[in-house]
Amino acid sequence: MENEAGALSRVAGLFSARGYNIESLTVAPTEDESLSRMTLVTTGTDEVVEQITKQLNKLIDVVKLMDMQEGPHIEREMMLIKTRAIGPAREEVKRLSDIFRGRIIDVTDKIYTIEVTGTSAKLNAFVEAMAETDIIEVVRSGVMGIARGEKSLRV
Amino acid sequence: MELTGAEIFVRCLAEQGVEHLFGYPGGAVLPIYDALYQQDKVQHVLVRHEQAATHAADGYARSTGKPGVVLVTSGPGATNAVTGIATAYMDSIPLVVFTGQVPTALIGNDAFQEVDSVGITRPCVKHNFLVKDVRDLATTIKKAFYIATTGRPGPVVVDIPKDVSAAKAEFHYPKRVTMRSYNPVTKGHPRQIRKAVDLMLTAKRPMLYTGGGVILSNASSQLVQLTRLLGFPITNTLMGLGGYPATDRQCLGMLGMHGTYEANMGMHNCDVLIAIGARFDDRVTGNIEKFCPTAQIIHIDIDPASISKNVKVDVPIVGPVDQVLKEMLAVIKEIKGKPDAAALQVWWKQIEEWRAMDCLKFDRDSELIKPQAVLESLYKITRGNAYVTSDVGQHQMWAAQFYKFDKPNRWINSGGLGTMGFGLPAAMGVQFAHPKETVACVTGEGSIQMCIQELSTCLQYKLPLKVINLNNRYLGMVRQWQQFFYDGRYAMSYMESLPDFVKLAESYGHVGMQITRPEDVEPALKEAFKMKDRLVFMDFITDQSENVYPMIPAGAGQNEMILV
């Protein structure tokens, strides 16, 4: 998308005006600072997704669009999770974090803050695994996607 | 030499060839009005309400194919314009609307007459801009015109803060602009066109279904050539009237909710449907489950998002209608293609049987004025040559049914949004664009009161419009639905305390007439249309109980019409 004020709200507005779902949305400038890259996760029948694609393409600020589902691709999401870490939980949380290849990025005598990346399913699994512990806060980035191999989304 | 933003604005409009600017001044646009005052290239038309400015520009655009241009102030100026912007958006009409904005330093501070114009208009524009730097102003204006008029046309809003129009910059108006994210299609895909032609030539029961896209893309002559060459029946949507001559034998009239029996039955029974610049609107398709059950569908449209949006199509062609039709004609010529004449003969025989039902018949011996009769007389007296604008409701449908448009750009109405109050200001725009032509506004006592203040504008600019007010003392279409679907509980559809329209017209300096007897309809119209330099407001007191027939009730199929 054009890295311009209002571009994001055009996309968000389109989804609400036409009754489409946004499951997650991430956006940030790219190496070319005139462009932002957005990954948007939505659901719908093939017809609905086709219509969403066409409507998005009509937005003047959308430069190029790719339906990731059309080919092999990688999805990643990052999660920061703050949990209480006192007593026996302190060891258990660390162990779970290791199993999920998480990293503890902030520590106090009572708190761990863990960073985990992976697919949304993996992050869900981690949250589930942590159910027994005292989770204080969860922040998720939303999904980012990129195609595998030579295929790329470039202008 | 450096110019102020306001001067740049005026110069841009002049270079763009804008002759009329419809608007209303206010605090945030004072610098622009000051610049307009000091030039004579762009004529500013002062309306009485910003909604009317957008409708007038819209009427101008619909009748010329050129973009309509509007200038309003910030805050209420912008919000008043929104109805007109949305009207244009729904019918894909090219408008460029300039809204004043509070100075950049005050944006977001809840300043006097501040509103987030870009935010408010976002869902009903093709695109919009907030100009934050005077150095971007000229390019932004060029982009606005480019976007509004190319591809599927539509309104573009340019929001200009007051300090931007006061600041100075070098003036340069680019001859053309390109945008990497906006590249409208200019040609249809040859393979798809070939596929469509092959399908058309095998059709036994073909039907051409054409819409506003034909008119927007100026493709009337290609459409006529193609239709005559193939000998297929053709029906026009409300927006497409005039795209093909209504008096031609191949034309089955309008289709849809209040379309003709032959058009809707033709649609329902066809085996190949060729949709051209039409968008399968719910008022056309009726119940989508029952729509064209036996047809393979070809759809030509400039907007890919229109294709397979409501109805799945078999042969989509994305491209401008005029180009695609040209290509089709070339292909048919090249392959020496001939339609299935024997099958067509059988098909036409069936269609003529439907046509013989005479679905638009009405009581011609009534002692009350029948609205249909007024429209018939209007058609007769103007010899079908008038530009006709309409408001929204029963009168709109009767106008569409009874005024036979043989030429494009003559029928000006709010089809998609259905905006009451559209007719009179739209007629002003048409008259500005065509000062020598006859312009009639068909309206009702409900609609006309939504922009009645424009009678004042009409006096100021001496616009000799003819207002045909079909006065049935009811919000007729609402009443009709209440009669059919709400057991006659006429909630709020009776128009009480109406003004004396004759005196009202006179108080605005125009000619007022009231017509109450059927035998006076034609003489009165004749007299009115003889007054070439006066606005004549004709108040026809019509039969209150008249309904628009035929009708496809909501949720029914096209073959399930209510006839009289």
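Before reading on, note that the structure itself is shown above.
Notes on the structure follow. Since this is a predicted model, take the numbers as computed values, not measurements.

1. So, the nonpolar core
As a rule of thumb, soluble globular proteins bury nonpolar side chains together.
Residue and element names in this part refer to chain B.
For step 1, the next point in the chain: Leu273, Met328, Ile468, Met538 and Phe540 are the most contacted members of the largest nonpolar core, which has 99 residues in total.
For step 2, the next point in the chain: A per-element tally of this core places helix H13 (residues 321-334) first, with seven residues.
For step 3, the next point in the chain: Other than its neighbours up to four places away in sequence, Met328 contacts Ile193, Ala196, Val197, Met200, Leu226, Ile300 and Ile317.
For step 4, the next point in the chain: Among the nonpolar cores identified, the runner-up in size contains 45 residues, and Val47, Ile412, Leu455 and Phe537 belong to it.

2. Considerations on the sheet that holds strand E12 (residues 272-276) of chain B
Residue and element names in this part refer to chain B.
For step 1, the next point in the chain: Spatially, six strands are ordered E11-E10-E9-E12-E13-E14 in an open sheet, and the strand pairing comes out parallel. The open sheet has two edge strands, strand E11 (251-254) and strand E14 (315-318), and neither has a second partner. Neighbour to neighbour, the strand axes of the sheet diverge by 15° on average, direction disregarded.
For step 2, the next point in the chain: Two strands pair when backbone bridges link them, and strand E10 (residues 234-236) and E11 are joined in this way by two bridges, in the parallel orientation.

3. With respect to the interface of chain A and chain B
For step 1, the next point in the chain: Contacts between the two partners involve 18 residues from chain A, matched on the other side by 18 residues from chain B.
For step 2, the next point in the chain: For the pair chain A and chain B, the two sides together bury roughly 1,500 Å², of which 47% comes from carbon and sulfur.
For step 3, the next point in the chain: Per-residue buried area on chain A facing chain B is highest for Arg10, Lys54 and Ile60 of chain A; these three make up 44% of the total on that side.
For step 4, the next point in the chain: For the pair chain A and chain B, the number of links is two salt bridges.
For step 5, the next point in the chain: The partner of Glu2 of chain A in a salt bridge is Arg180 of chain B, with the nearest N and O atoms 2.8 Å apart.
For step 6, the next point in the chain: Counting residues per element, the side of chain A that touches chain B draws most heavily on helix H2 (residues 46-58) of chain A, at five residues.
For step 7, the next point in the chain: Grouping the amino acids of the side of chain A that touches chain B by side-chain chemistry returns five nonpolar, five polar and eight charged.

4. Side note on unusual backbone geometry
Residues and elements named next belong to chain B.
For step 1, the next point in the chain: The residue after Tyr549, namely Pro550, is reached through a cis peptide bond having omega -10°.
For step 2, the next point in the chain: Relative to the helices and strands, Pro550 resides in the segment after strand E20 (536-541).
For step 3, the next point in the chain: Of note in this structure, Ser308 is not a glycine but carries a positive phi near 60°.
For step 4, the next point in the chain: Looking at where Ser308 falls in the secondary structure, it is placed in the loop between strand E13 (296-301) and E14.
For step 5, the next point in the chain: A positive phi angle, near 50°, is found at Asp487, a position not held by glycine.

5. Comments concerning the pairing of strand E6 (residues 127-130) of chain B
All names here are of chain B.
For step 1, the next point in the chain: In this structure, E6 lies alongside strand E7 (residues 155-161), joined through four bridges in parallel fashion. Bridge pairing links Asn128 to Val157 in E7.
For step 2, the next point in the chain: Crossover E6 to E7 through helix H6 (residues 137-149) is right-handed.

6. Brief notes about the packing of helix H1 (residues 5-15) of chain B against helix H2 (residues 30-37) of chain B
Residues and elements named next belong to chain B.
For step 1, the next point in the chain: In the contact formed by H1 and H2, the axes pass within 8 Å of each other and the chain directions differ by 55°. In terms of orientation, H1 and H2 fall into the oblique class. Crossing geometry of H1 relative to H2 is assigned as right-handed. Facing H1, whose interface residues are Ala6, Glu7, Phe9 and Val10, H2 presents Pro31, Ile32, Ala35 and Leu36.
For step 2, the next point in the chain: Residue composition of the contact of H1 with H2, by class: seven nonpolar, no polar and one charged.

How each quantity is defined
Residues numbered from 1 in each chain as written. Chains lettered and ligands numbered in written order. Predicted model: local features only at pLDDT ≥ 70, side-chain atom pairs only at ≥ 80, totals over all residues. Heavy atoms only, no water. Core = buried A, V, L, I, M, F, W, Y, C linked by side-chain atoms within 4.5 Å. Buried < 20%, exposed > 50% of the residue type's maximum accessible area, 1.4 Å probe, protein only. Helix = DSSP H or I, 4+ residues; strand = E, 2+ residues; numbered from the N terminus. Contact = heavy atoms within 4.5 Å. Pairing = 2+ DSSP bridges. Axes fitted to C-alpha atoms, helices over the stretch in contact; angles between N-to-C directions. Buried area = accessible area lost by both parts, 1.4 Å probe. Salt bridge = Lys/Arg side-chain N within 4 Å of Asp/Glu carboxyl O. Nonpolar A, V, L, I, M, F, W, Y, C, P; charged D, E, K, R; others polar. Right-handed = clockwise from strand over helix to strand, strands pointing away. Parallel < 35°, antiparallel > 145°, perpendicular 65-115°, else oblique. Left-handed = near helix turned anticlockwise from the far one by under 90°.

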